[in-house]
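# Remarks on the overall topology
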Amino acid sequence: MKRYLKHMLQLILSPGNGWEDIGKANDNPRDIALAGYYPLIALAAISVFMQGVYHHAEFLVLFMRMIVTFLVYFVSYFFGVFVLSLFSEPTLEGRYDENRSHIFTLYTLGLLALISLLVNCLPVTKGMLFFLPFYVALVQWKGTKYMEVKPEKTGIFMIIAILGVLMPPYIFYFLFSLIIG
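This structure is a prediction, so every number in the text was calculated from the model and none was measured. (Residues numbered from 1 in each chain as written. Predicted model: local features only at pLDDT ≥ 70, side-chain atom pairs only at ≥ 80, totals over all residues. Heavy atoms only, no water.)

### Topic: the overall build of the protein chain
Counting its regular elements, the protein chain contains nine helices and zero strands. Order of helices (α) and strands (β) in the protein chain, N terminus to C terminus: α-α-α-α-α-α-α-α-α. The C-alpha radius of gyration computed for the protein chain amounts to 16 Å, which stays within 12% of the reference 16 Å derived for 181 residues, consistent with globular compactness. A principal-axis box enclosing the C-alpha atoms of the protein chain has dimensions of 50 × 30 × 30 Å. A buried classification covers 44% of the 181 residues belonging to the protein chain. (Helix = DSSP H or I, 4+ residues; strand = E, 2+ residues; numbered from the N terminus. Rg over C-alpha atoms; globule rule 2.2 N^0.38 Å. Buried < 20%, exposed > 50% of the residue type's maximum accessible area, 1.4 Å probe, protein only.)

What follows is the structure in structure tokens.
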């Protein structure tokens, strides 16, 4: 998890250089998921209980939100990779690279999980943190070089990346919230 968080910090501080370092590291996506992403989303899910400190919510409601938070990020990972595998190849300079797609999705969703962690742990209004996902979109844009996107197809790739990787956690969270009431 230490290496994953180090790369996440690099992406936050300098997205372009962060993607370069991620490319040089050439890590196995499975290792990143097992040692970094899954523990991070578990931590983000557990952090839901901090809302009980600030908002005095019931335990059962918080427990269900915890499960939903974990499921949302878990499902979003596979959905994001699926969307990139279906739609991104025409925008790439070479052939579709499954490992790069997995890594791109893991780091994008990891940044969103960090935002969730902040939202859950800080007693600030969600409106103050509303613009952080736009920064994640900027990080994705800087990742187009890592993904080897054709310069003239960057816009199309960004639409695919935003709709296929960045938006699903919010959509899935909304849908799961409708189910649990």
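### Looking at a nonpolar patch on the surface
Taken together, the side chains of Phe59, Leu60, Phe63, Met64, Ile67, Leu71, Ile179 and Ile180 present a nonpolar region at the surface, about 740 Å² in accessible area. For the nonpolar patch, the secondary-structure elements that each account for two or more residues are α5 (59-87) and α9 (168-180). Looking at the secondary structure, you find leucine 60 in helix α5. (Patch = residues over 30% accessible without salt bridge, like charges linked within 9 Å, V, L, I, M, F, W, Y side chains within 5 Å. Areas by Shrake-Rupley, 256 points an atom, 1.4 Å probe, with all protein chains shown as cover. Salt bridge = Lys/Arg side-chain N within 4 Å of Asp/Glu carboxyl O.)

### What to know about the side chain of aspartate 27
Residue position: aspartate 27 is located in the loop between α2 (15-25) and α3 (29-46). Judged by its relative accessible area of 19%, aspartate 27 falls in the buried class. Only 3.1 Å separates the side chain of aspartate 27 from the side chain of arginine 3, close enough to count as a polar contact. The residues contacting aspartate 27, other than those within four sequence positions of it, are Arg3, His7, Ile32 and Ile103. (Polar contact = N/O pair within 3.5 Å; in protein donor to acceptor, adjacent residues only side chain to side chain. Contact = heavy atoms within 4.5 Å.)

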